[in-house]
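# Topology and contacts: notes
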Amino acid sequence: PDLNISDYICFNSLRNWGVLNNKVVSDQIYVHDKLLIVDDRVCVIGSANINDRSMLGTRDSEMAIRIEDTSHVTITMNQQPFIVGKFPTNLRIRLMRQHLADVTADITDMLDDRIYNDIWRKIADVNSTVY
């Protein structure tokens, strides 16, 4: 099919920078924790990988917690009212704003193409050029 996969999936990483011996240096920040936020309603947070090594319980010691919020709020999703969990939504927005380095970014409606194309990918492209 006539499909550009980068319109749907992108892989990003966090980087830090500093000055060492009068030279600007940068390095990727490695985060081992896992976070899954589903429809702003459920969060899974922990260190468990989705593979036999983590899930069978006989090899790695991993743990995760599933949070389904009972406190709900209504947000806009795909330009329609959508009921979500207060904690998962606030967590997603806080983390995305932190990763974008923009505490005011309007990133509530994640199905709005402008958020992905005009905010997220634009910043990622600039950062890729810089680093």
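Refer to the structure presented above.
Residues numbered from 1 in each chain as written. Predicted model: local features only at pLDDT ≥ 70, side-chain atom pairs only at ≥ 80, totals over all residues. Heavy atoms only, no water.

Tallying secondary structure elements over the protein chain gives 3 helices and 7 strands in all. Ordering the α and β elements of the protein chain from the N terminus gives β-β-β-β-α-β-β-β-α-α. On C-alpha atoms alone, the protein chain measures out to a radius of gyration of 18 Å, which is more than a quarter above the 14 Å that the 2.2 N^0.38 rule sets for 131 residues. Considering the protein chain as a whole, with its 131 residues, one finds that 21% of them fall into the buried category. Contacts spanning at least 24 positions in sequence make up 36% of the contacts within the protein chain whose residues lie at least 6 apart. (Helix = DSSP H or I, 4+ residues; strand = E, 2+ residues; numbered from the N terminus. Rg over C-alpha atoms; globule rule 2.2 N^0.38 Å. Buried < 20%, exposed > 50% of the residue type's maximum accessible area, 1.4 Å probe, protein only. Contact = heavy atoms within 4.5 Å.)

Moving on to the environment of Asp 52. Residue placement: Asp 52 occurs in helix H1 (residues 52-55). Residue classification places Asp 52 among the exposed positions, given a relative accessible area of 55%. As a C-alpha pair, Asp 52 and Asp 113 span 61 residues in sequence and 36 Å in three-dimensional space.

Moving on, we come to the state of the cysteines. In total, this model carries 0 disulfides according to the counting rule given. Cys 10 takes part in no disulfide bond, and the closest cysteine sulfur to it belongs to Cys 43, at a distance of 19 Å. Relative accessible area serves as the criterion here: at 30%, Cys 10 is assigned to the partly exposed category. Residue class for Cys 43 comes out buried when judged on its relative accessible area of 0%. (Disulfide = S-S within 2.5 Å.)

Next up on the list: the pattern of salt bridges. According to the stated counting rule, one finds 3 salt bridges in the structure shown. Its salt-bridge partner being Arg 92, residue Asp 40 comes within 2.8 Å of it at the nearest N-O pair. Placement of Asp 40 in the loop between strand E3 (34-38) and strand E4 (42-46) and of Arg 92 in helix H2 (residues 86-100) is noted, with a sequence separation of 52 residues between them. Among the salt bridges present, the one from Asp 112 reaches Arg 114, with a minimum N-O distance of 2.5 Å. Residue Arg 114 is classed as exposed on the basis of its relative accessible area, which comes to 52%. (Salt bridge = Lys/Arg side-chain N within 4 Å of Asp/Glu carboxyl O.)

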